[in-house]
Structures are given as structure tokens and as C-alpha cells.
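Examining the three-dimensional arrangement
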Amino acid sequence: MTTLTDARPARATPATTGTTATVHDVAPVLPVVGADTLVPLVDGRRVPYANLDVAASAPALQAVADRVTQVLPLYASVHRGAGYLSQVSTALYEQARRTIGTFVGAREEHLTLVTRNTTDSLNLLAGCVPVDQATGARGRVLVLDIEHHANLLPWQRVTDATVVTGGHTVAATCEEIADELAAGLAEGRPYALVALTGASNVTGESLPVADVVALAHDAGARVVLDGAQLVPHRRFSLAATGVDYVAFSGHKTYAPFGAGALVGRRDWLDAGTPYLAGGGAVRRVRATTTDWHEGPARHEAGSPNVLGAVALAAACDELAALDTTVAREHEDALRRRLVDGLGALDRVEVVHVWDDAVDPVGVVTFTVTGYDPGLVAAYLSAEHGIGVRDGRFCAHPLLGRLGFDAGAVRASVGLGTAGEEVERLVAAVGALVCDGPQARYDVVDNLWVVVDDPRPVPEGSGLEGLLATAALGADEAFGCLPGDA
Ligand SMILES: Cc1ncc(COP(=O)(O)O)c(C=O)c1O
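Residues numbered from 1 in each chain as written. Predicted model: local features only at pLDDT ≥ 70, side-chain atom pairs only at ≥ 80, totals over all residues.

**Quick look at the overall build of the protein chain**
As a reminder, the rule being used: Each helix is a run of DSSP H or I of at least 4 residues and each strand a run of E of at least 2, with the numbering of both proceeding from the N terminus. Any residue whose C-beta has 12 or fewer other C-beta atoms within 10 Å is treated as exposed, any with 20 or more as buried, and any in between as partly exposed, C-beta atoms being built from the backbone.
Counting its regular elements, the protein chain contains 15 helices and 19 strands. In terms of principal-axis extent, the alpha carbons of the protein chain reach across some 70 × 60 × 45 Å. Within the protein chain, the fraction of its 485 residues that count as buried is 47%.

**Examining the site of the ligand**
Heads up, the condition is: Using the backbone to place each C-beta atom, any residue with that atom within 6 Å of a molecule or strand is considered near it. Charged residues are taken to be Asp, Glu, Lys and Arg, nonpolar residues to be Ala, Val, Leu, Ile, Met, Phe, Trp, Tyr, Cys and Pro, and polar residues to be all remaining types, Gly included.
Every one of the 15 residues lining the ligand counts as a neighbour, but Asn117, Thr119, Asn201, Ala228 and Ser249 are closest to it. For the shell around the ligand, the class distribution of residues is 3 nonpolar, 10 polar and 2 charged.

**Some words on the sheet that holds strand E14 (residues 363-368)**
We apply this condition: If DSSP finds at least two bridges between two strands, the strands pair. Axis lines are fitted to C-alpha atoms, over the contacting stretch for helices. Their N-to-C directions set the angle, which ranges from 0 to 180 degrees.
Strand order in this open sheet of 4 strands is E13-E14-E17-E16, and the pairing throughout is antiparallel. Each having just a single partner strand, strand E13 (348-350) and strand E16 (389-391) make up the two edges of the open sheet. Direction aside, neighbouring strands of the sheet carry axes that sit 30° apart on average. Note: E16 against strand E17 (residues 408-412), 3 bridges, orientation antiparallel. Within E17, the residue paired with glycine 391 across the bridge is alanine 408.

**Some thoughts on the UniProt feature "domain: Aminotransferase class V" (unreviewed entry) in the protein chain**
The line we're drawing: UniProt positions are given in the numbering used here, feature names are shortened, and annotations may be inferred rather than shown by experiment.
The UniProt feature table records "domain: Aminotransferase class V" (unreviewed entry) at residues 51-425. Secondary structure within residues 51-425 divides into 38% helix and 18% strand; the distance between the first and last C-alpha atoms comes to 10 Å.

**Some points on the domain arrangement of the protein chain**
How big an interface is tends to be expressed through the accessible area that disappears when the partners come together. Short version of the rule: Domain ranges listed in this record stem from an automatic or a database domain assignment. Remark: residues whose backbone-derived C-beta atoms lie within 7 Å of one another are considered to be in contact.
For the protein chain, the assigned domains are domain 1 (38-59 + 323-478) and domain 2 (64-321). Between domain 1 and domain 2, the C-alpha centre-to-centre distance is 29 Å. With 27 residues of domain 1 at the interface, the matching set in domain 2 holds 31 residues. Those elements that place two or more of their residues in the side of domain 1 that touches domain 2 are helix H10 (324-343), E14 and helix H12 (396-401). Of the residues assigned to the side of domain 1 that touches domain 2, the class counts are 16 nonpolar, 6 polar and 5 charged.

**Details of the nonpolar core**
Here is the rule: Joined through C-beta atoms within 7 Å, a set of buried Ala, Val, Leu, Ile, Met, Phe, Trp, Tyr and Cys residues constitutes a nonpolar core.
One finds Val194 and Leu312 to be the most contacted residues of the largest nonpolar core, which totals 137 residues. By residue number, the principal contributor to this core is helix H9 (residues 306-321), which donates 11 residues. The two domains that each donate at least three residues to this core are domain 1 (38-59 + 323-478) and domain 2 (64-321).

**Observations regarding the sheet that holds strand E5 (residues 140-144)**
The sheet built from 7 strands is open, its strands ordered E4-E10-E9-E8-E7-E5-E6 with mixed pairing. Every interior strand has two partners, whereas the edge strands, strand E4 (110-115) and strand E6 (160-164), have only one. The mean inter-strand angle of the sheet, taken between neighbouring strand axes irrespective of direction, is 20°. Direction of pairing for strand E9 (residues 245-249) relative to strand E10 (residues 260-265): antiparallel, over a ladder of 5 bridges. By the bridge assignment, alanine 247 is partnered in E10 with leucine 262. In this fold helix H5 (residues 170-186) packs onto E5, E6 and strand E7 (191-197), with an angle of close to 165° to the strand it touches most, E5.

**Here we look at the packing of helix H11 (residues 373-384) against helix H13 (residues 419-435)**
In plain terms, the rule: For classification, angles of less than 35 degrees are called roughly parallel, those exceeding 145 degrees roughly antiparallel, those between 65 and 115 degrees roughly perpendicular, and all remaining angles oblique. For a crossing to be left-handed, the near helix must be turned anticlockwise from the far one by less than a right angle; the clockwise case is right-handed.
At a closest axis distance of 11 Å, the pairing of H11 and H13 adopts a crossing angle of 110°. Taken together, H11 and H13 sit at an angle that is classed as roughly perpendicular. When you trace H11 past H13, the crossing you get is right-handed. The segment H11 lies against H13, with Val376, Tyr379, Leu380 and His384 engaging Arg424, Ala428 and Leu432. Among the residues forming the contact of H11 with H13, the class breakdown is 5 nonpolar, 1 polar and 1 charged.

**Quick notes on the packing of H10 against H13**
To characterise two packed helices, one gives the angle between the axes of the helices and the distance between these axes. It is at 10 Å that the axes of H10 and H13 come closest, and there the two elements cross at 10°. Between H10 and H13, the angle falls in the class roughly parallel. Contact residues: Leu334, Arg337, Leu338, Gly341 and Leu342 in H10; Gly419, Val422, Val426 and Val429 in H13. Along the lines of polarity and charge, the residues of the contact of H10 with H13 split into 6 nonpolar, 2 polar and 1 charged.

**Here we look at the environment of valine 32**
By the secondary structure assignment, valine 32 is in the segment before strand E1 (38-40). Beyond its immediate sequence surroundings of up to four residues, valine 32 is in contact with Pro59, Ala60, Leu61, Gln62, Tyr254 and Gly416.

**Describing H5**
Note the following rule: The span you would expect from a helix comes to 1.5 Å times its residue count less one. Throughout, the arc means the angular range of directions from the helix axis out to the C-beta atoms.
Here H5 contains 17 residues, and its C-alpha end-to-end distance of 24 Å stays within 8% of the 24 Å for a straight helix at 1.5 Å per residue. Residues of H5 that are buried include every one of Val170, Thr173, Ile177 and Leu181, and no others. Each buried residue of H5 sits inside an arc of 75° when the element is viewed along its axis, so together they form one side. Of the exposed residues in H5, those oriented more than 90 degrees away from the buried face are Asp179 and Ala186. Turning to H5, the residues buried within the fold contact E5, E6, E7 and helix H6 (209-218). With its phi angle positive at about 75°, glycine 188 sits one or two positions after the end of H5.

**Structural notes on the confidence of the model for the protein chain**
Convention followed: Across the chain, each position has a pLDDT score giving the predictor's confidence in that residue, from 0 to 100.
For the protein chain, per-residue confidence averages 92 on the pLDDT scale, and 92% of positions sit at 70 or higher. When the criterion is pLDDT under 50, residues 1-18 qualifies, and its contacts beyond four places in sequence or with other chains add up to 43 contacts. Low pLDDT (under 50) marks residues 470-485, which in the prediction has 31 contacts with non-local residues, meaning those over four places away or in another chain.

**Things to note about the pairing of E7**
Convention followed: Looking down the strands as they point away from the viewer, one classifies a crossover as right-handed if the path from the first strand across the helix to the second runs clockwise.
Most of E7 sits inside the fold, with 7 of its 7 residues counted as buried. Strand direction decides the pairing type here: E5 and E7, joined by 4 bridges, are parallel. Counterpart to valine 143 in the pairing with E7 is alanine 195. On the question of chirality, the crossover connecting E7 to the parallel strand E8 (residues 222-226) by way of H6 is right-handed.

Below, the structure is given as C-alpha cells:
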């Protein structure tokens, strides 16, 4: 056990000195399940949980949960069952596929694959990037160093990937992309694909997608968009942007039932190695040869996740029906308050990638000088009932380049977030800066915990304690530092 509590109170700074008006009165846009869940604090009180970790996983929309409850009695085997409910389940699954595709503007020549999540989708696509006839290697992929590991490692592993260091401005970064694409052409080694985030999971910032698409297409490359953080926040359309593939996750899109999606041009997908080998992906199997399906079935071997797909489709329906102005105003107000409120506090630094980014989504990352990010996150949970994320957010290259190798703290908001939750965070960080943490904290197996944590686990949860993951050993439990996930 290492004692690392570094509490160095600074001069008093009111928590409400932000330059924007407070957002106490801003109401959620849509109801989410669990919005009124109470959580215990170390001082024995219970408070409503402030879920400001929506970028990691968003709570289910109430409409999504209702839809799942509605179809659960209809659930039966899919695709190969002749029974009535099997046919209903198959129809539900295929209808969900169409809804998901339509939601992201799929065109005639696009396929919609139901996957597990964004990571799964991007790994699948990586295996479909055509092999370069000249080199015998999979085609070249250009990726920036700002990406989540899910949009970096699949390309590093199975393609000829080049990681380009982004610039300090959006304009400079677009130039870096243009230069690298031009160099590929000049060398006679053109890029096959540009893999781009729709919105950074660290700062919510993004590059102008249509501009990058134009650069890539001019150089003969396709574009895959990591839509994990974009799709839940903005109306995105393949048809409108010209993006060739988009990947996103149900659990970040208010449908935490285990499904994600990859939508895009069918030629690579039809020709690519089937992602999983098994039942459902094949037309005919002999002892030594297999005739694989084309279309979605090629990559969806095994029993499909019907309820996950239906849940994701229900979320898509809800998001499609939203008044985008209302949603945007809600998110902008909360984000602005986070940036201004936190930024006005002593010793708090708000992280950004670019000086000239426009229209970021509701993700705000910050550090508090003198406090380990893990301690800040543990404090916010234990003393204020606020859930945030800490670590390097599976974006090690970016955090390293920006000088935050020790990690940071991330707050993120969504449609179910109330302004009052954001105010609680700003006030809690203000109290930390002024007074330091009130409880005692320690690091156990790389995880910041409260010493002798008195908080009970939820009744009926079957848990023995909150230290379950620490007791397992963080490496064993996470395979990386807690908070990196
Ligand atoms: C930008 C981005 N891409 C990809 C992922 C991976 O998503 P998933 O864990 O759902 O596969 C995440 C997850 O946080 C993300 O934020």
C-alpha cells in the first residue's frame, strides 16, 4: 500500500466564478434509466448519482429500455428457426439493421453490420482493407496520433499504418494529412484508407470531416470515421459527408445492450476475410473448402445479438426524432459551463488539442495541479457522488504529446445530463482546490481508493465490496491502468 494523497490546499476560489451563467436550471433532454439513483458518500449521506462519464458508456434511454422490455417476450432463435417467434425475431433483427443504417445515412451500396462495439467494427474493417498487389501487404492506412486506441491498434496490427502527428491547429493538422497523402502518391505508395475520429474522446474536438474526405478522395483513399463520440451527439450521414465507413457503439448511444455497428461500402466487406469463422457466415461447407456468404452474414457468424440490435435501433429512432436545436443548446450550455467553470479555478487546466477547433461535443478533460487524476476521480465519487473518468483515456499518444502522460480527468455529458450535475462537479473541484479532500485515500494495485471505505454496496447486488477490482489486481482486471479503459 502506498500513501500518495497529495492534498495541498490553495487559496480559496469560489466555485462559481466561471464567466458563463450557471446551468442549475438546465434540464435533461430525454429521460434515461437510473437518473434518480442514489449513491452513498463516505460521510454516510446518500445523494443522486451525477453520471458525468457518459462518453465511456451512456445510460439507457428510457425509450430504449421500454422497447427491450416490449420485445423480450418475442425473443427466440434467429435466422434459421421456422417457428413463428423465430420469424418475428429474425424480422426484428433485420428491421433493426435497416434502422441503424438509415440513421447514419447509408446508401444503396452500403452494408450495415451489427457488431459488438466500435472496437469490434474497426477490427473487422481492418481485416477487409485490400491487399496491395505490389507489396503483398494490406493497403496503407493513414491515422492521426489523436485517435483512441480502437482507431489506432487495428491498423497498426494488420495494415501498413502510418501515424501522423497532428498540429496545434485544425488547419495545420489538415495540412499534415494533405502532405502525407501527397507523399504517398508521389512515392507510388498511395493510401487506401484514412482512419479519422468523428470527435476526440479526450476533448470532444474534431476535424472538418467533409474537408478530410475531400483530401482523401482526391488521393484515391477511402475514409473510415470512428463515430463512437460523434454519433451520439450529432446527426451524422454517410451520404451527406461522403465518408465511406462509420463505426459506432450502442453503449455510447444510450443502448447498452452489447451491439455496435459498422456501416459502409460493400465491396471491401464482401471481398474481405470473414471476421468470424462459423455458422451463419457460410453458404456451403465441405471437409476442406468453404463457400462464404457475401453481405452482412459474411461477418456475423454465430448467433446474433437480437436484443442489442433492437435496442440500438430504438436509440437511433429516438435520436432521429430529436429536435437538434434543443439537443445542441443543452449540450453547448453544459459544455461551456464545464470549460468556463473549471477553467476559472486556480490550478485547474482544461485540455485541448487544437487552438481553432469548432463545435466540440460534450467531453471536457482537465487536470488539477498537485492532485493525481486518479485521486481527483476517487474524491469526486467518494465525497460528492460524481462519476468521471481518469487516466489516459486509451489515447496514450495524444496524452503524451500534449504533456499529460500522468493522465487527466474527464467529465462528459449527454442527453440525460442535468445542469445541476455539472454545477456539482464545478463546485466539488472548487472545494478540492480550496480545502483538499476530506477523506483519506490510498493507492491499492494502481487504483485510488478510500482508506477503510465505509460505503456499502447496493443491496441485492451480490457484491462483497467496492474493492473487488483492486483485490483482483488492476493488471489482471483491466490489462492496463484503471481509467485507461
Ligand atoms: C473515440 C472512441 N473510439 C472508440 C472507442 C471504443 O469504443 P468501444 O469501447 O465501444 O469499442 C471509444 C471508447 O471510449 C471512443 O471514445
